[in-house]
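Given next are the chains, with one letter for each unit.
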Amino acid sequence: MAASMRANITRPGHRDVGHRRKREPPGALATAYLVIYNVVMTAGWLVIAVGLVRAYLAKGSFHGLYYSIEKPLKFFQTGAILEILHCTIGIVPSSVILTGFQVMSRVFLTWAVTHSVREVQNEDSVLLFVVAWTVTEIVRYSFYTFSLLNHLPYLIKWARYSLFVVLYPMGVSGELLTIHAALPYVQKTGLYSITLPNKYNFSFSYHTFLILTMVSYIPLFPQLYFHMLWQRRKVLGHVEDCRKAE
Amino acid sequence: MKHYEVEILDAKTKDKLCFLDKVEPNATIGEIKSMFHKSHPQWYPARQSIRLDPKGKSLKDEDILQHLPVGTTATFYFRDLGAQISWVTVFLTEYAGPLIIYLMFYFRVPFIYAPKYDFTTSKHWVVHLACMCHSFHYVKRLLETLFVHRFSHGTMPLRNIFKNCTYYWGFAAWMAYYINHPLYTPPIYGEQQVKLALIIFLFCQIGNFSIHIALRNLRPPGSKTRKIPYPTKNPFTWIFLLVSCPNYTYELGSWLGFTVMTQCLPVAFFTIVGFVQMTVWAKGKHRSYLKEFRDYPPLRSPILPFIL
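Cut-offs applied
Residues numbered from 1 in each chain as written. Chains lettered and ligands numbered in written order. Predicted model: local features only at pLDDT ≥ 70, side-chain atom pairs only at ≥ 80, totals over all residues. Heavy atoms only, no water. Helix = DSSP H or I, 4+ residues; strand = E, 2+ residues; numbered from the N terminus. Buried < 20%, exposed > 50% of the residue type's maximum accessible area, 1.4 Å probe, protein only. Contact = heavy atoms within 4.5 Å. Areas by Shrake-Rupley, 256 points an atom, 1.4 Å probe, with all protein chains shown as cover. UniProt positions renumbered as here; feature names shortened; annotations may be inferred. Axes fitted to C-alpha atoms, helices over the stretch in contact; angles between N-to-C directions. Parallel < 35°, antiparallel > 145°, perpendicular 65-115°, else oblique. Left-handed = near helix turned anticlockwise from the far one by under 90°. Nonpolar A, V, L, I, M, F, W, Y, C, P; charged D, E, K, R; others polar. Pairing = 2+ DSSP bridges. Polar contact = N/O pair within 3.5 Å; in protein donor to acceptor, adjacent residues only side chain to side chain. pLDDT = per-residue confidence, 0-100. Buried area = accessible area lost by both parts, 1.4 Å probe. Salt bridge = Lys/Arg side-chain N within 4 Å of Asp/Glu carboxyl O. Phe/Tyr/Trp six-rings, centres within 6.5 Å; stacked < 30°, edge-to-face > 60°. Lys NZ or Arg CZ within 6 Å of the ring centre and 35° of its normal.

### Focus on the overall build of chain A
In step 1: The helix and strand inventory of chain A stands at ten helices and zero strands.
In step 2: When the helices and strands of chain A are read in sequence order from the N terminus, they spell out α-α-α-α-α-α-α-α-α-α.
In step 3: Counting across all 246 residues of chain A, residues that qualify as buried make up 48%.
In step 4: The contacts in chain A between residues at least 6 apart in sequence include a share of 79% that link residues at least 24 apart.
In step 5: Surface summary for chain A: the accessible area is close to 12,700 Å², and the carbon and sulfur share equals 68%.

### Concerning the UniProt feature "domain: TECR-like N-terminal" (unreviewed entry) in chain B
In step 1: Mapped onto this structure's residue numbering, the UniProt feature "domain: TECR-like N-terminal" (unreviewed entry) falls at residues 5-80 of chain B.
In step 2: What you have in residues 5-80 of chain B is 14% helix and 34% strand, and the ends, taken at the C-alpha atoms, are 22 Å apart.

### Remarks on the packing of helix H3 (residues 125-147) of chain B against helix H6 (residues 246-262) of chain B
Residue and element names in this part refer to chain B.
In step 1: Axis separation between H3 and H6 bottoms out at 10 Å; the angle between their running directions is 160°. Judged by the angle between their axes, H3 and H6 are roughly antiparallel. Crossing geometry of H3 relative to H6 is assigned as left-handed. Contacts from Val126, Leu129, Ala130, Cys133, His134, His137, Tyr138 and Arg141 in H3 reach Glu251, Trp255, Phe258, Met261 and Thr262 in H6.
In step 2: When grouped by side-chain class, the residues that make up the contact of H3 with H6 number eight nonpolar, three polar and two charged.

### Details of the UniProt feature "transmembrane region" (unreviewed entry) in chain B
Residues and elements named next belong to chain B.
In step 1: As recorded in UniProt, the sites labelled "transmembrane region" (unreviewed entry) are residues 85-107, 166-184, 196-215 and 256-281.
In step 2: End-to-end, the C-alpha atoms of residues 85-107 are 33 Å apart, and along that stretch the chain is 87% helix and 9% strand.
In step 3: The annotated region residues 256-281 carries 92% helix and 0% strand content, and the separation between its end C-alpha atoms amounts to 19 Å.

### Some remarks on the sheet that holds strand S1 (residues 4-10) of chain B
Residues and elements named next belong to chain B.
In step 1: An order of S2-S1-S4-S3 is seen for the four strands of this open sheet, with the pairing classed as mixed. Of all strands in the sheet, those bounded by a partner on one side alone are strand S2 (16-23) and strand S3 (48-51). This sheet shows a mean twist of 25° between the axes of neighbouring strands, independent of strand direction.
In step 2: Here S3 pairs with strand S4 (residues 73-80) via four bridges, running antiparallel.

### Things to note about the environment of serine 301 of chain B
Residue and element names in this part refer to chain B.
In step 1: The topology assignment puts serine 301 in the segment after helix H7 (265-292).
In step 2: By relative accessible area, which is 10% here, serine 301 ends up buried.
In step 3: Separated by 35 residues in the primary sequence, serine 301 and proline 266 place their C-alpha atoms 29 Å from one another.
In step 4: Once residues lying within four places of it in the same chain are set aside, the contact partners of serine 301 are Leu242, Val243, Ser244, His286, Phe306, Ile307 and Leu308.
In step 5: Here phenylalanine 306 takes part through its backbone nitrogen, which lies 2.9 Å from a polar atom of the side chain of serine 301.

### Looking at the confidence of the model for chain A
In step 1: Looking at chain A, the pLDDT average stands at 88 and 86% of residues meet or exceed 70.
In step 2: Throughout residues 7-21 of chain A the model reports pLDDT below 50, and contacts reaching past four residues in sequence, or to other chains, amount to 43 contacts.

### Structural notes on the interface of chain B and chain A
In step 1: Counting residues at the interface gives 13 residues for chain B and eight residues for chain A.
In step 2: Taking both partners together, chain B and chain A bury about 910 Å²; carbon and sulfur atoms supply 62% of that area.
In step 3: Taken together, the links from chain B to chain A amount to zero salt bridges.
In step 4: At the junction of chain B and chain A, the tally comes to six residue pairs in polar contact (both at pLDDT 80 or more).
In step 5: Looking at the side of chain B that touches chain A, the elements that each hand over two or more residues are helix H4 (159-179) and H7 of chain B.
In step 6: For the side of chain B that touches chain A, the leading source of residues is H7 of chain B, giving three residues.
In step 7: Of the residues that constitute the side of chain B that touches chain A, the class distribution is nine nonpolar, four polar and no charged.

### Describing the UniProt feature "transmembrane region" (unreviewed entry) in chain A
All names here are of chain A.
In step 1: The sites that UniProt annotates as "transmembrane region" (unreviewed entry) are residues 35-57, 78-101, 161-186 and 206-226.
In step 2: Secondary structure across residues 78-101 comprises 67% helix and 0% strand; the distance between its end C-alpha atoms is 13 Å.
In step 3: A helix fraction of 100% and a strand fraction of 0% characterise residues 206-226, whose end C-alpha atoms lie 31 Å from each other.

### Observations regarding the pairing of S2 of chain B
In step 1: Where S1 of chain B meets S2 of chain B, five bridges bridge the pair, whose relative direction is antiparallel. By the bridge assignment for S2 of chain B, leucine 9 of chain B is matched with lysine 16 of chain B.

### Some remarks on the packing of aromatic side chains
In step 1: A full pass over the atoms with the stated rule returns 50 aromatic pairs over all chains.
In step 2: Their ring planes at 85° and their centres at 5.0 Å tell us that phenylalanine 75 of chain A and phenylalanine 76 of chain A sit as a pair that is edge-to-face.
In step 3: Looking at phenylalanine 75 of chain A, the relative accessible area reads 58%, which means it is exposed.
In step 4: The exposure class assigned to phenylalanine 76 of chain A is buried, which follows from its relative accessible area of 14%.
In step 5: Aromatic side chains phenylalanine 204 of chain A and phenylalanine 209 of chain A sit 5.7 Å apart centroid to centroid with 50° between the ring planes, which places their arrangement in the tilted category.
In step 6: One residue, arginine 140 of chain A, lies across the ring of tyrosine 141 of chain A, its end atom 4.4 Å from the ring centre.
In step 7: Across from the ring centre of tyrosine 289 of chain B, 4.8 Å away, lies the NZ or CZ of lysine 285 of chain B, which sits over that ring.

Quick look at the structure:
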């Protein structure tokens, strides 16, 4: 969930009017690296988008498209872990904890749910969140690329701060439905779980853990969603000021 | 005797909140806080932070007006620290919880384990021993809070009680659940392991208590003075030669003992988390000692001799 949120939480806006803290822009080498990183990620998610479209056209249905993009999805979504590093070393002005939370929640869904519980890979809910993530990430990484190059087309800024209205609930629904679909299989096989008795006197129920994860969406989703709506008003509301600054 | 005038401004908005005239030169900040409280009854002295500079450090209650770098019209800045709660209240609440909660699991109160185990007792003697040790530890803490500790701050922010109680009560429940579980597995090396662990635990409990007494004796009743602690005749305090905060060192030792005694992974997690937090506190205390006392013994480490 925090997954679909990424678009607007990390960098509120390159030229945020009233952005209080003045951060030094990254040096030339860091900027070059970040441009390459963001271009590569944009390309990667475009590959996933194209893969989805081609698979749909070939199969004639929305069912089971996950397999056609499984590998690039895993590669590029896991690659996003680098973004936590970027915050740690300071070349990106976002909070390490916030970015960490968002990236790891995506990685969790990709590996610990979808990859690990084979039976859910055919679910339509998987397509729902994959599409939401794909569109979000293509827009987000292009936004960063253009921002770094100091040439941000209004369309990209608009897209970044508007599409979430649909994509975020879509992504959240896909994620929740997928986790829910995984529950019976996790309970049956005892996946990633430890039972008593054992010599360390410890137990862990992955089934309960997944339920708690789903419950955590209840307080988190509205907060993040309204925060993004507020940011949208702030960034796109002052259209004239932004245009003048550009 | 020339009287002072005191004006108190809001540190953020710079609004004039209060004006006091005819203030005695030897008035303390504490007395000024009381006067400010009269005009603003919602801000009792414990939640007032008075500074010379809007972004500066809080002045102490004991500071005297005429010794501060102010003219005869003194300007102070005020920040609201939020609702406050006394340290004693927080300590009593956060320690009473684990005591009661653990006993509930020990006596297998209904709705925790399967109904057939309600009100039964564990067949392993180490489980009874563990309950005694855990209970002893928290009773000791409660008594120390009431009779031993001398606090330099009276209060802390109210939200801390929720945070602290969640930590203590949560971990107590988690540990107690496994130790008192019908499927509990006793330590691999049996009696030897438990006896050794008990010795370590008791040694560290006595050590921790000795340090608390030594620290209390550094400070006369009702005062907030700070002095360098030194080893006393009690051998348990000789660790002061090597460590600044041996109370934390002994506390770590106690919980390591309890971990070995119960051979329970959640206890190990609790020990590790506690150790991390105590190390942060020890390092901070060690740094304050070094800053305040020029002649602070150089051989001492914050929490672990020579290591940390």
